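Single-letter residue listing:
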Amino acid sequence: RTWFDQAARKRRRAQNRKAKAARLSPRPAAGLLRPVVHPPTQRYNMKLRLGKGFTLEELREAKIPAKLAPTIGIAVDHRRR
C-alpha cells in the first residue's frame, strides 16, 4: 500500500495543531497545566511525575480563584493536600 499524500497529510496535521493552539490562545495547547509531584510509594518517590491538579491552597497562594482556574487551563485537585 502506498500513501502518496503522506507529506501533505503531515503538513495538514501540523497546520491544524497550529490553528488549534491559536484558537485556544492563552490556554496551554497540550492540555491542562498540571503540577509536578513525587509519587507516593517508596519505590518511586525519588522520581517526579505530573500530578492531577493544583491544590486549593496553591491556587490561593497564586491568587487564582478555584472556579476560574479550569477556564484558563489550570487543573485543580480538591483532594490533594
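A quick note: this is a predicted structure, and the numbers were derived from the prediction, not measured. (Residues numbered from 1 in each chain as written. Predicted model: local features only at pLDDT ≥ 70, side-chain atom pairs only at ≥ 80, totals over all residues. Heavy atoms only, no water.)

K.L.:
When you look at the overall build of the protein in this model, what are you seeing that I'm missing?
P.N.:
The helix and strand inventory of the protein stands at two helices and two strands. Over its C-alpha atoms the protein spans a radius of gyration of 18 Å, topping by over 25% the 12 Å that the globule rule assigns to 81 residues. A principal-axis box enclosing the C-alpha atoms of the protein has dimensions of 55 × 35 × 15 Å. Within the protein, buried positions represent 16% of all 81 residues. Sequence-distant contacts in the protein: of pairs separated by 6 or more residues, those separated by 24 or more amount to 31%. Here the protein has roughly 7300 Å² of accessible surface; of this, 55% comes from carbon and sulfur atoms. Of note, the protein has its 22 positive side-chain charges centred 12 Å away from the centre of its 5 negative side-chain charges. (Helix = DSSP H or I, 4+ residues; strand = E, 2+ residues; numbered from the N terminus. Rg over C-alpha atoms; globule rule 2.2 N^0.38 Å. Buried < 20%, exposed > 50% of the residue type's maximum accessible area, 1.4 Å probe, protein only. Contact = heavy atoms within 4.5 Å. Areas by Shrake-Rupley, 256 points an atom, 1.4 Å probe, with all protein chains shown as cover. Lys, Arg positive; Asp, Glu negative; His and termini not counted. Charge placed at Lys NZ, Arg CZ, Asp CG, Glu CD.)

K.L.:
What is the right way to look at a nonpolar patch on the surface in this model?
P.N.:
Taken together, V36, L48 and L50 make up a surface patch of nonpolar side chains, about 320 Å² in accessible area. Relative to the assigned elements, L50 resides in strand 2 (residues 49-50). (Patch = residues over 30% accessible without salt bridge, like charges linked within 9 Å, V, L, I, M, F, W, Y side chains within 5 Å. Salt bridge = Lys/Arg side-chain N within 4 Å of Asp/Glu carboxyl O.)

K.L.:
I would appreciate a short explanation of the pattern of salt bridges in the present structure.
P.N.:
Oppositely charged side chains may form a pair once their charged atoms are brought near each other. All chains considered together, the criterion is met by three salt bridges. R79 is the partner of D77 in a salt bridge, and the nearest nitrogen-oxygen pair spans 3.6 Å. In this structure D77 comes out as buried when scored by relative accessible area, which is 7%.

K.L.:
Before we go on, may I ask you to explain helix 1 (residues 6-23) in this structure?
P.N.:
For an α-helix the count is 3.6 residues per turn, leaving residues at separations of three or four pointing the same way. Its 18 residues give helix 1 an end-to-end C-alpha distance of 25 Å, which sits within 8% of 26 Å, the value for a rise of 1.5 Å per residue. A positive backbone phi angle near 25° is found at S25, which sits one or two residues after helix 1. (Expected span 1.5 Å × (residues − 1).)

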